[in-house]
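An overview of the molecular structure
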Amino acid sequence: MTQVEVLSLSAPERRRRRMVVMMGVLGVFALVAFFIIPKQHDKATFGFVMDKEWVAVHEWAINSRHGSLGFAILAILAAILAYFQFRARKTIRIASAIFGVSFLMSFLCWAASGKFIPLTGLLQGGLLLAVPLIYGAMAGVLCERSGVINIAIEGQLLAGAFASGVLASLTQKTWIGLLIAPFAGALIAYLLAVFAIKFAIDQVILGFVLNVLVIGLTDFLYKRLLIPYQTTWNSGPILSPIKIPVLWKIPILGPIFFDQTIIVYLMYAIVILIHVGLFRSKWGLRMRAAGEHPTAAESVGINVNRTRFRNVILAGAIAGLGGAYFTIGAVGPFGKEMTAGKGFIALAALIFGRWSPLGAVSAALIFGFADNLQGVLSIIGTAIPSEFMLMAPYVATIIAVTGFVGRVRAPAADGVPYKRGESV
Amino acid sequence: MSLELRAVTKSFGALIANDHIDLKVGDGEIHAILGENGAGKSTLMNVVYGLLQPDAGEILVDGEEIKISGPADALAAGIGMVHQHFMLIPVFTVAENIVLGHEKTNKFGILELSKAKEEIRRVSAEFNFDVDPDSLVETLPVGIQQRVEIIRALIYDAKVLILDEPTAVLTPQETDELLRNMKILRDKGTSIVFITHKLREVQEAADKITVIRRGKVVGNPLVTASQEELASLMVGRPVALDVYKKAITPGPVALSVKNLNVHDITGRRLVKNVTFDVHEGEILAVAGVQGNGQSELAKAIVGLEEFIDGSIVLDGKDITTWSVHDTLYSGIAYVPEDREHDGLISSFSIAENLILDTFDTPPYAKGPVMSPTIVAREAEVRVKEFDVRLQSVQDSAASLSGGNKQKVVLARELSRPVKLVVASQPTRGLDVGSIEFVHQRIISERDSGKAVLIFSTELDEVTDLADRIAVMYRGEIIAMVAATTSREDLGLLMAGVHPEGTRS
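Note that the structure is predicted; figures quoted are calculated from it, not measured.

Rules used throughout
- Residues numbered from 1 in each chain as written.
- Chains lettered and ligands numbered in written order.
- Predicted model: local features only at pLDDT ≥ 70, side-chain atom pairs only at ≥ 80, totals over all residues.
- Heavy atoms only, no water.
- Helix = DSSP H or I, 4+ residues; strand = E, 2+ residues; numbered from the N terminus.
- Rg over C-alpha atoms; globule rule 2.2 N^0.38 Å.
- Buried < 20%, exposed > 50% of the residue type's maximum accessible area, 1.4 Å probe, protein only.
- Areas by Shrake-Rupley, 256 points an atom, 1.4 Å probe, with all protein chains shown as cover.
- Patch = residues over 30% accessible without salt bridge, like charges linked within 9 Å, V, L, I, M, F, W, Y side chains within 5 Å.
- Salt bridge = Lys/Arg side-chain N within 4 Å of Asp/Glu carboxyl O.
- Domains from an automatic or database assignment.
- Contact = heavy atoms within 4.5 Å.
- Buried area = accessible area lost by both parts, 1.4 Å probe.
- Core = buried A, V, L, I, M, F, W, Y, C linked by side-chain atoms within 4.5 Å.
- Polar contact = N/O pair within 3.5 Å; in protein donor to acceptor, adjacent residues only side chain to side chain.
- Nonpolar A, V, L, I, M, F, W, Y, C, P; charged D, E, K, R; others polar.
- Pairing = 2+ DSSP bridges.
- Axes fitted to C-alpha atoms, helices over the stretch in contact; angles between N-to-C directions.
- Phe/Tyr/Trp six-rings, centres within 6.5 Å; stacked < 30°, edge-to-face > 60°.
- Lys NZ or Arg CZ within 6 Å of the ring centre and 35° of its normal.
- pLDDT = per-residue confidence, 0-100.

Glancing now at the overall build of chain B. Across its full length, chain B holds 17 helices and 22 strands. What you see for chain B is a C-alpha radius of gyration of 25 Å, in line with the 23 Å of a compact globule of 504 residues. Principal axes of the C-alpha set define a box for chain B whose edges measure 70 × 50 × 50 Å. Looking at the 504 residues of chain B, the share that counts as buried comes to 54%. By element, 51% of the accessible surface of chain B is carried by carbon and sulfur atoms, the whole surface being about 21100 Å².

Spelled out as structure tokens, the structure:
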């Protein structure tokens, strides 16, 4: 297509404008809902220490109304800053980060009035809840960038959780559970690959069917095997956290990032490898070529279907490993449908993150944090009914996907089966 | 290097796309393969390039038979191809596109692009191609994208370069430049297989010609053969290449477009401040290279564009904000650019396709009930009038050839009482015989006093049909010129350049 002069706003600028408007509205909302309406003067207390890390601040207490007001004003200022950055046609990343933190703190000052919130624990829990989302989203990146829609992330996570839980229980060794999980995910991915690539079945329906298959199969085995013979089949050990020397002692950040299990450390490595690999390696170049314009890839001698096949299997292995988090990474035994829709939230994170690895990670972290916040607040008890709190992560997902993402561009050939010689 | 094909045969089901084709391309020659759309030229070249496997036959390079089971084999044998639809990945840079499939990496598996960029700059400079290895392909004009494809073939040492309909997307100036570059490449020793259906280009550039018709080689005329000879060989019967048009005096203004802007959903302005009139009994042809806003302008007139401002007045009525239904009934016949998707419903019968816009009006419908008998009877009358070749009007529209599909669209659109005919690329992809029919039909509509607005990227079509010519470039009508304007001047205008004396 010939280039056309951009008269009005470009797509990213429209998205930024929408974000600025949303930030302004939310900032004012915070002022009204957390400062003007409530009449409470109790102190809100935040804790910053978890373990024996180096301490910067132990805890911080503030008058609830003052805190809400202060942070609401900060949020509004951040929105104004974002507006000026938008006018100057710059990115608004920093302003939106400041806004996000301020809005959240304004909310917390109100919600924690007269209560204690362990802030470091809140963040650490958020990261943990984001782990399966990040694994799932990375699986999604590999699949969809190479041109196959992966609705079956949920099933792959669940298969990984089941296999690792059972094997770890049978052998009483966590490392065997860790080792087997990728194979379980890859097996589901193999089915996806065979039917989607070789037989060109509709990938959305196929993914859905695979999810149902895994749910049905694990439910059946759970009832018939895992419950009756629980001691041998379903009482696996869990991975213990490994403190990274020195790093774990960094105040606040240390316990959050560097006092985790091997599954979390593997996740860091996988995210970095995928991010660098996708954009800067031969593997990534070919994967993206297969997902964007398979005919072109084939015309330079790339075997498109083999490329897709391999990446789909690899994606399944990553999701399977993520599934191990549910059992050996967290609770030990397997539970019925214990992934509870995390695979679909991972898919939302993938789209929210615009099919980019780092974008998807950010989205997954936001979702994970929202999920954990809900848990923490329902424990300490707030004015908000717990049913609403349970909805929060999903509402966040819907707002994120509809409000902030706008029109995103999926890989051009995502979900389109490729048959040699047909489309030339 | 020489390339030889012996008795290459390829069929798709019952259709024999290539029937025992023999072809010999010598060292350092430009060999034109001439044939109509659907004659089997592209299939043949996809066989040579390994994208399709032949059912029978041999491919020889320098006298030795080689087996080509995929594009990688073709590249290794020194055969490069520039496809009609570019094989470039829009979101990649030029360099990324060129290294794709032949990537060099460092010991950590990270891409090494600096060598490739150097090579690209060298080849680009050698042929004056002006290609920047770091630019994103989707931001480049098509002419440059094509050069990227050529550079890729050259970097991988292609000794035989296949160009599949390379001029279809180019402006006349870009075409001239390409033909010049082809000769330079030939003089440096590259053999070129030049696939086309444009006679002028064959005469200008080819050293040898092979004509293909319905999958068979029908002749090897000399380059001195006249256009009429080449055309009749291509079609299989004598063809009149000139269109006869009598002079008539245009009547009052039928369609008046003022300050029309069309935006797409992301806010880009694709049509900019367009103002023009079309009179009764006049053909206004909008010329321009594809993608310069013509499609959007055509759609905007019939009400298919959402984000428009300005005014569109038909016969004194402002139809700017009317629905498509109301617009069509106010007296517009619309022949869409993509007849397969927008002009017909392939799975519906021909008879049903003929009443897509009138199914709910008498005589086809009485209240909520449609009468299939009357629909079929009327269909028989229409297909006779428009010379549609078919088995039965109850067959699906998908069963028709391109030319006959277009006749069905015309038959439907012209059977309503209309004041204005809007036709977008009315003869794209049609065989010479159908083009003749469509052109005559368009002229007879004009002769009967209707206003006609055609959009075409084919210069010949524009000059043959038009009473006046509007040239569109980057969304604007940059010139309104007489039908007698020379091809050269029109070509310059289509490239956005105002030649002396045409500024309007």
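What follows picks up the thread again.
Okay, a nonpolar patch on the surface next. Residue and element names in this part refer to chain A. Side chains of Ile73, Leu74, Leu77, Ile80, Leu81, Tyr83, Phe84, Ile94 and Ile98 sit close together on the surface and give an oily, nonpolar patch of about 820 Å² of accessible area. Going through the elements one at a time, α2 (64-87) and α3 (93-111) are the ones with two or more residues in the nonpolar patch. Considering each element in turn, the nonpolar patch owes the most residues, seven residues, to α2. Judged by its relative accessible area of 38%, Leu74 is partly exposed.

Residues and elements named next belong to chain A. The domain boundaries assigned to chain A delineate domain 1 (3-114) and domain 2 (120-401). On a C-alpha basis, the centres of domain 1 and domain 2 stand 30 Å from each other. In this complex, domain 1 contributes 16 residues to the contact, which on the side of domain 2 involves 21 residues. Taken together, the two surfaces of domain 1 and domain 2 that pack against each other cover about 1500 Å², and 74% of this comes from carbon and sulfur. Three residues stand out in domain 1 for area buried against domain 2, namely Met50, Glu53 and Trp54, and they jointly supply 35% of the buried area on that side.

Next up on the list: unusual backbone geometry. Of the consecutive residues Pro362 of chain B and Pro363 of chain B, the connecting peptide bond is found in the cis state with omega at 5 degrees. Counting through the fold element by element, Pro363 of chain B comes out in the loop between α12 (350-353) and β17 (365-366). A positive phi angle is found at Arg89 of chain A, which is not glycine, with a value near 60 degrees. Relative to the helices and strands, Arg89 of chain A is located in the loop between α2 and α3. Even without a glycine there, the phi angle at Ile252 of chain A is positive, about 60 degrees. Position of Ile252 of chain A among the secondary structure elements: in the loop between β4 (242-243) and α9 (253-257).

Moving on: the nonpolar core. In this structure, Ile134, Tyr135, Met138, Ile263, Met267, Val312 and Phe334 of chain A are the most contacted members of the largest nonpolar core, which totals 73 residues. Elements with a contribution of two residues or more to this core: α4 (119-145), α5 (153-171), α6 (174-198), α7 (203-226), α10 (262-280), α13 (304-324), α15 (342-352) and α16 (357-380) of chain A. With twelve residues, α4 of chain A is the single largest residue contributor to this core. In terms of nonpolar packing, the next biggest core, distinct from the first, is built from 48 residues, Tyr364, Leu410, Val421 and Val471 of chain B among them.

Let us now look at the interface of chain A and chain B. Listed per partner, the contact involves 33 residues of chain A and 42 residues of chain B. The junction of chain A with chain B conceals about 3300 Å² of combined surface from both sides, 60% of it contributed by carbon and sulfur atoms. The tally of links between chain A and chain B comes to two salt bridges. Note that Glu103 of chain B and Arg286 of chain A form a salt bridge whose closest N and O atoms lie 2.8 Å from each other. Connecting chain A to chain B are five residue pairs in polar contact (both at pLDDT 80 or more). Mapped onto the side of chain A that touches chain B, the elements with two or more residues apiece are α10, α11 (282-292) and α12 (294-299) of chain A. For the side of chain A that touches chain B, the per-class residue count stands at 13 nonpolar, nine polar and eleven charged.

Turning our eyes to something else, we now look at the domain arrangement of chain B. Residue and element names in this part refer to chain B. Domain annotation for chain B reports domain 1 (3-235), domain 2 (240-331 + 417-504) and domain 3 (349-415). Distance between the C-alpha centres of domain 2 and domain 3: 26 Å. Taken together, the contacts link 15 residues of domain 2 with 15 residues of domain 3. Summing both sides of the interface, domain 2 and domain 3 together bury roughly 1100 Å²; the carbon and sulfur share of this comes to 63%. Ranking the residues of domain 2 by area buried against domain 3 places Tyr329, Phe437 and Arg441 at the top, with a combined share of 45%. Inspection of the region where domain 2 meets domain 3 yields one salt bridge. The partner of Glu385 in a salt bridge is Arg441, and the shortest N-O contact between them spans 3.4 Å. Those elements that place two or more of their residues in the side of domain 2 that touches domain 3 are α10 (324-329) and α15 (432-447). With five residues, the single largest contributor to the side of domain 2 that touches domain 3 is α15.

Here we come to the sheet that holds strand β8 (residues 191-196) of chain B. All names here are of chain B. Strand order in this open sheet of six strands is β6-β7-β8-β3-β9-β10, and the pairing throughout is mixed. Taken across any chain shown, the strands that pair with only one partner, and hence form the sheet edges, are β6 (79-82) and β10 (216-219). Sheet twist, expressed as the average angle between the axes of neighbouring strands with direction ignored, equals 25 degrees. The pairing of strand β7 (residues 160-164) with β8 spans five bridges and is classified as parallel.

Residue and element names in this part refer to chain A. This model, assessed by the stated rule, comprises 19 aromatic pairs over all chains. Judged by centre distance (5.6 Å) and plane angle (70 degrees), the rings of Tyr83 and Phe84 are edge-to-face. Looking at Tyr83, the relative accessible area reads 36%, which means it is partly exposed. Connected via pairs of aromatic rings, a cluster forms that spans Phe29, Phe34, Phe99, Phe103, Phe107 and Trp110. Over the ring of Phe35 we find Arg65, and its NZ or CZ is 4.4 Å from the ring centre. Above the plane of the ring of Trp248 lies Lys243, whose end atom (NZ or CZ) is 4.9 Å from the centre.

Let us now look at helix α1 (residues 41-48) of chain B. The buried fraction of α1 of chain B is high, at seven of eight residues. At the C-terminal side of α1 of chain B, Gly50 of chain B shows a positive phi close to 85 degrees.

The next subject is the pattern of salt bridges. All names here are of chain B. For the structure shown, the criterion picks out 39 salt bridges over all chains. A salt bridge links Lys41 to Glu165, with the nearest nitrogen and oxygen atoms 2.9 Å apart. Pair noted here: Lys41 is in helix α1 and Glu165 is in the loop between β7 and α6 (172-187), with a separation of 124 residues, a long-range link. Each member of the pair Lys41 and Glu165 is classed as buried.

So, on to the pairing of strand β1 (residues 43-47) of chain A. All names here are of chain A. Burial runs high along β1: four of the five residues are buried. Bridging between β1 and strand β2 (residues 59-63) involves five bridges; their strand directions are antiparallel. By the bridge assignment for β2, Thr45 is matched with Ala61. Bridge count for β1 against strand β3 (residues 116-118) is three bridges, and the pairing is parallel.

Okay, the environment of Val274 of chain B next. All names here are of chain B. Following the sequence through the fold, Val274 ends up in strand β12 (residues 269-279). Separated by 138 residues in the primary sequence, Val274 and Leu136 have C-alpha atoms spaced 30 Å apart. Sequence-distant contacts of Val274, defined by excluding residues within four places in its chain, comprise Val257, Lys258, Asn259, Leu260, Leu297, Met472, Gly475 and Ile477.

For the rest of this paragraph, the subject is the sheet that holds strand β15 (residues 317-318) of chain B. Residue and element names in this part refer to chain B. Within the open sheet, the four strands sit side by side as β12-β11-β14-β15. Their pairing is antiparallel. On the outer flanks of this sheet lie β12 and β15, each paired with one strand and no other. Strand direction decides the pairing type here: strand β14 (residues 307-314) and β15, joined by two bridges, are antiparallel. Paired with Val313 across the bridge in β15 is Asp318.

Attention shifts here to the confidence of the model for chain A. Of all residues in chain A, 93% have pLDDT values of 70 or greater, and the mean over the chain is 88. Predicted confidence for residues 1-7 of chain A stays below pLDDT 50, and this span has 15 contacts to residues more than four positions away or in other chains.

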